Amino acid sequence: MIAPTSQEIAARVKHFERECHRRGLRVTNQRREIFKTVASSKEHPSAERVFDAVRCTMSNVSLDTVYRTLASLEKMDLLVRVGTPEKERFDGDLRPHAHFICNRCGEVYDIFSPEVTTPVELPRLTCGEVKHVNIQYKGICKRCRK
């Protein structure tokens, strides 16, 4: 997995700050650090991993704060929740892509391929406007198959 470049991370953080200001939310150090931790990771970290990473630089952050912040960032469409209910992970890369989730180890892999990330053409929807498509493939990863 290739980590995002420093320019990609800076652009994501700038977008995060603009969205917070637009919605009347303060850009606190904790909120920024939690977002930046997810936005700079290609490993789709769990809330606990985000907590461990943020706690290294901000010892006063609580796990509850991390959970609440991740939920609010998801609600703001700044990150996506992927994985299974037993092992939820977070993705800060909002470019169109799908995910492969290993049923055995729970690892989440990005798939950047137009063949698997473009949903079939939807007929005119009567139920509402589509804002996000989350395509997840589940199976056994190469490492676990060995």
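Remember, it's a predicted structure, so these values are computed and weren't measured experimentally.

What counts and how
Here the residue index of a chain counts from 1 through its sequence in written order. Per-residue local features of the predicted model are confined to residues with pLDDT of at least 70, and side-chain atom pairs are confined, for both listing and counting, to 80 or more; whole-chain, interface and lining totals are unaffected and use all residues. As a rule here, side-chain values cover all heavy atoms of the structure and leave hydrogens and water aside. At least two bridges found by DSSP between two strands are what make those strands a pair. Per the convention used, a helix needs a DSSP run of H or I reaching at least four residues, while a strand needs a run of E reaching at least two, with both numbered from the N terminus. Helix axes are fitted only over the stretch in contact, all axes being lines through C-alpha atoms; the angle between N-to-C directions runs from 0 to 180 degrees. Throughout, exposure labels follow a simple rule: accessible area from a 1.4 Å probe, protein chains only, divided by the maximum for the residue type, with under 20% read as buried, over 50% as exposed, and the rest as partly exposed. Working definition: the arc comes from the directions between the helix axis and the C-beta atoms, pointing outward to the latter. Whether two residues are in contact is decided by their heavy atoms, any of which lying within 4.5 Å being enough. Aromatic pairing here means that ring centres of Phe, Tyr or Trp (its six-membered ring) are within 6.5 Å. Orientation follows from the plane angle: under 30 degrees is stacked, over 60 is edge-to-face, and everything else is tilted.

1. A few points about the sheet that holds strand β4 (residues 108-111)
Paired through their backbone hydrogen bonds, the strands of a sheet run either parallel or antiparallel.
So, step 1. Overall, mixed pairing links the three strands, which are arranged β4-β3-β5 in an open sheet. Strands at the two margins of the open sheet, each flanked by one partner only, are β4 and β5 (136-139). Here the average twist between neighbouring strands, direction ignored, is 25°.
So, step 2. Bridging between strand β3 (residues 98-102) and β4 involves four bridges; their strand directions are antiparallel. Of the residues in β4, the one forming a bridge with F100 is Y109.

2. Thoughts on helix α3 (residues 47-57)
So, step 1. Taken residue by residue, α3 has A47, V50, F51 and V54 as its buried positions. Projection of α3 onto a plane perpendicular to its axis shows the buried side chains occupying an angular sector of 100°, all on one side.
So, step 2. Tucked inside the fold, the buried residues of α3 contact α2 (29-39), α4 (63-75) and β2 (87-91).

3. Quick look at the packing of aromatic side chains
So, step 1. In total, this model carries two aromatic pairs according to the counting rule given.
So, step 2. On the basis of an interplanar angle of 10° and a centroid distance of 4.7 Å, the ring pair of F16 and F35 is categorised as stacked. With a gap of 19 residues between them, F16 in helix α1 (residues 6-22) and F35 in helix α2 connect regions that are remote in the sequence. Each member of the pair, F16 as well as F35, carries the same accessibility label: buried.
So, step 3. Ring plane angle 45° and centroid distance 6.4 Å describe the contact between F100 and Y109, whose orientation is recorded as tilted.

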